[in-house]
Amino acid sequence: LNVIRILNEPTAAAVAYGLKEMREEINLFVLHIGRKNFHGSILAVEGGIVEIISNYQKDLGGEAINKHIFDHFYRRLSEKKNLNIENIALQKLNLEIERAKKTLSLYKETRIEIHEFGLNETITRQQLEEMNANFFNQIEENLYRAFENSGVTKDQIDSIILIGGTNHIPKVLKNLISGSFEKI
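It should be emphasised that the depicted structure is a prediction, and the values quoted were computed from it without experimental measurement.

Thresholds, definitions, all that
- Residues numbered from 1 in each chain as written.
- Predicted model: local features only at pLDDT ≥ 70, side-chain atom pairs only at ≥ 80, totals over all residues.
- Heavy atoms only, no water.
- Salt bridge = Lys/Arg side-chain N within 4 Å of Asp/Glu carboxyl O.
- Helix = DSSP H or I, 4+ residues; strand = E, 2+ residues; numbered from the N terminus.
- Buried < 20%, exposed > 50% of the residue type's maximum accessible area, 1.4 Å probe, protein only.
- Core = buried A, V, L, I, M, F, W, Y, C linked by side-chain atoms within 4.5 Å.
- Contact = heavy atoms within 4.5 Å.
- Phe/Tyr/Trp six-rings, centres within 6.5 Å; stacked < 30°, edge-to-face > 60°.
- Expected span 1.5 Å × (residues − 1).

K.L.:
What exactly am I supposed to notice about the pattern of salt bridges here?
P.N.:
Two side chains with opposite charge may pair up if their charged atoms get near one another. In the structure shown here, the tally under the stated rule is eight salt bridges. Taking the shortest distance from any N to any O, the salt bridge between glutamate 96 and arginine 99 comes out at 3.0 Å. Taken together, the residues glutamate 96 and arginine 99, both in helix H3 (residues 87–104) and three residues apart, mark about one turn of the helix. Among the residues examined, glutamate 96 registers a relative accessible area of 17% and is labelled buried. We classify arginine 99 as partly exposed; its relative accessible area is 31%. Of the charged contacts in the structure, one is a salt bridge between glutamate 141 and arginine 145, with a shortest N-O distance of 4.0 Å. Here arginine 145 and glutamate 141 lie together in helix H5 (residues 133–148), a separation of four residues that amounts to about one turn.

As structure tokens, then:
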């Protein structure tokens, strides 16, 4: 194996999206909000050369959303008397929460059902947003920080590449990202 070059995630994303083939100069914002990390990078792409202008990373991801929802339902379950909460049932709750979060990216409401707990409740997108208001504020603050020392303003960004499942959440996609980049 002959390793020619090691690329960081934002550069690899730019190459994967074919931006290395572009001959015109563009400024690109690569936003990765994954399970555990927020990673915002500003890249300049010109003549097949990808230059990292700014790179900002923070421990902040979709797992935090899951934890807030989990805490909400765990408190609700703890109110029930004589409830024996086993690890397997807690794992089911975590799986249901992950499924619900993904479903709420497409629909305004879904149900969380765990028969072992007698849990059968509706959760709405609005509830998810309210439970995670602090998370969404932190995303907005970190978007600002990604640009803070770059010398590039948001209106100078030509394209955005979104990576990670958390970017599918409508509050992140519409309110925070689209609201921050008017020309895109």
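K.L.:
Is there a simple way to explain the nonpolar core in this structure?
P.N.:
Soluble, globular proteins show a tendency: their nonpolar side chains are buried together. Membership of the largest hydrophobic core comes to 36 residues, with the highest contact counts inside it found for Phe29, Phe38, Ile69, Leu93, Ile112, Leu119 and Phe147. Counting only elements with at least two residues in this core, the list comes to strand E1 (26–33), strand E2 (38–46), helix H2 (62–78), H3, strand E4 (109–114), strand E5 (119–124), H5 and helix H6 (170–180). If we ignore the near neighbours within four places in the chain, the residues touching phenylalanine 29 are Gly40, Ser41, Ile42, Leu143, Ala146, Phe147, Ile157, Ser159, Ile160, Ile161 and Phe181. The next biggest cluster of nonpolar side chains, apart from the first, holds nine residues, and it includes Ala13, Ile26, Leu43 and Val50.

K.L.:
Can you help me understand the packing of aromatic side chains in this one?
P.N.:
Here a ring pair, both rings aromatic, is described through the centre-centre distance and the interplanar angle of the planes. One pass over the structure, following the stated rule, counts four aromatic pairs. Ring centres of phenylalanine 70 and tyrosine 74 lie 5.7 Å apart, and the angle between their planes is 15°; on these two criteria the pair is classed as stacked. With a gap of four residues between them, phenylalanine 70 and tyrosine 74 both fall in helix H2, about one helical turn apart. A relative accessible area of 16% places phenylalanine 70 in the buried class. Note on tyrosine 74: relative accessible area 34%, which makes it partly exposed.

K.L.:
Any chance you could explain H3 here in plain terms?
P.N.:
An α-helix turns once every 3.6 residues. As a result, residues three or four positions apart point the same way. In a regular helix each residue adds 1.5 Å, so 18 residues correspond to 26 Å; H3 covers 25 Å between its end C-alpha atoms and thus fits that length. Turning to H3, its buried residues number three or more, namely Ala89, Leu90, Leu93, Glu96, Ile97, Glu98, Ala100, Lys101, Thr103 and Leu104.

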